[in-house]
Amino acid sequence: MNRNGTDIPVTNLRTMMRSLVLNTEGDEVTVHELLVAIGRRAHGPVFLLLGFIAVSPLTIIPGANWFIATVILAFALQIVFGLNHPWLPKGVTEIKFKRDHLVQGVAAGERYAHMVDALVKPRLTFLTEPPFLQIVAVICVLAALLTYPLGLVPLGPLLPSLTVLLFGLALTARDGFVLLLAGAAFAGAILLVVNLTPRLLALWPF
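Residues numbered from 1 in each chain as written. Predicted model: local features only at pLDDT ≥ 70, side-chain atom pairs only at ≥ 80, totals over all residues. Heavy atoms only, no water.

Overview of empty space enclosed by the protein
Under the counting rule described, the total for this entry stands at three cavities of 30 Å³ or more. In terms of lining residues, the largest cavity is bounded by A54, N65, I68, A69, I72, A143, A144, T147, P160, S161 and V164. With four residues, the single largest contributor to the lining of the largest cavity is helix α4 (residues 64-80). Here the lining of the largest cavity is built from residues that sort into eight nonpolar, three polar and no charged. (1 Å grid on protein atoms, 1.4 Å probe; cavity = no way out; pocket = protein on both sides within 12 Å on 5 of 7 lines; lining within 4 Å. Points joined across faces, edges and corners; volume = space filled by probe spheres on them. Helix = DSSP H or I, 4+ residues; strand = E, 2+ residues; numbered from the N terminus. Nonpolar A, V, L, I, M, F, W, Y, C, P; charged D, E, K, R; others polar.)

This is the structure in structure tokens:
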């Protein structure tokens with residue numbers, strides 16, 4: 001329920017983005033408020049939210065890509081191990097972002113969201129249900145892990161982040177075809193890591 005007293009069910013990328021703006025207020029917004037805004041008990045919208053944050057201006061904050069990857073990792077692992085309602089530690093949910101960055105990200109992405117949503121519809125829905133949900137969670141775990149080394153390279157985390165966003169969109173809209181696109185993005189992320197391995201090893205601080 002947003003501050004205007006209107007329920008906005010999250011059914012696609014655009015409704016998720018609108019929910020984030022309408023259901024939050026003030027100068028800063030916490031991770032908890034973002035989760036409440038889109039319905040934290042639904043796997044699809046949460047993955048969609050985390051993927052959106054990972055590709056949004058919110059990640060201009062140093063270390064933000066790694067933080068979001070850690071949140072994705074924690075959330076996805078719980079699904080892998082069968083938790084019906086995954087949770088995040090209070091220390092994580094109380095992390096704050098500038099709400100202006102959120103609004104800017106929504107404004108920049110809404111045009112593209114409209115085009116994406118026009119192509120999304122329920123199809124191959126069996127791919128969005130168990131046991132495929134657990135497979136999606138495993139791939140999101142791997143995508144989060146890939147983000148750590150790729151975070152050392154400009155725009156490196158984009159493909160693994162896009163993987164999570166597309167998986168979230170697929171689960172939210174029950175579109176198995178988008179699930180396959182997410183798999184393609186993950187394959188691209190793996191190829192990117194392989195190609196950048198010499199450079200990543202030179203940059204890795206340990």
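Things to note about the layout of surface pockets
By volume, the largest pocket is sized at about 320 Å³. In this structure, the largest pocket is lined by 17 residues; those nearest its centre are F52, V55, G109, Y112 and L165. For the lining of the largest pocket, the elements supplying multiple residues, two or more each, are α1 (13-22), α3 (43-55), α6 (99-119) and α8 (158-173). If one sorts the elements of the lining of the largest pocket by residue count, α6 sits on top with six residues. Of the residues that constitute the lining of the largest pocket, the class distribution is 14 nonpolar, three polar and no charged. Computed from the structure, the second largest pocket encloses a volume of approximately 170 Å³. Forming the boundary of the second largest pocket are 13 residues, of which A54, T59, N65, L155 and P157 lie nearest the centre. Taken together, the residues of the lining of the second largest pocket break down into eight nonpolar, five polar and no charged.

With respect to the packing of aromatic side chains
Inspection of the entire model under this criterion finds three aromatic pairs. Consider the rings of F47 and F75, whose centres lie 5.1 Å apart with planes at 85°: the pair is edge-to-face. Here F47 is found in helix α3, whereas its partner F75 is found in helix α4, with 28 residues between them in sequence. The two residues F47 and F75 agree in class, both being buried. (Phe/Tyr/Trp six-rings, centres within 6.5 Å; stacked < 30°, edge-to-face > 60°. Buried < 20%, exposed > 50% of the residue type's maximum accessible area, 1.4 Å probe, protein only.)

Points about a nonpolar patch on the surface
A surface patch of nonpolar side chains, about 470 Å² in accessible area, is lined by L124, F126, F177, L180 and L181. Of note, F177 is situated in helix α9 (residues 176-203). You can call F177 partly exposed: its relative accessible area is 39%. (Patch = residues over 30% accessible without salt bridge, like charges linked within 9 Å, V, L, I, M, F, W, Y side chains within 5 Å. Areas by Shrake-Rupley, 256 points an atom, 1.4 Å probe, with all protein chains shown as cover. Salt bridge = Lys/Arg side-chain N within 4 Å of Asp/Glu carboxyl O.)

Description of the pattern of salt bridges
If you walk through the whole model with that rule in mind, you get five salt bridges. Residue R18 pairs with E110 through a salt bridge whose shortest N-O separation is 3.3 Å. Pair noted here: R18 is in helix α1 and E110 is in helix α6, with a separation of 92 residues, a long-range link. With relative accessibility at 41%, the residue R18 sits in the partly exposed group. On the basis of relative accessibility, which here comes to 24%, the residue E110 falls in the partly exposed class.

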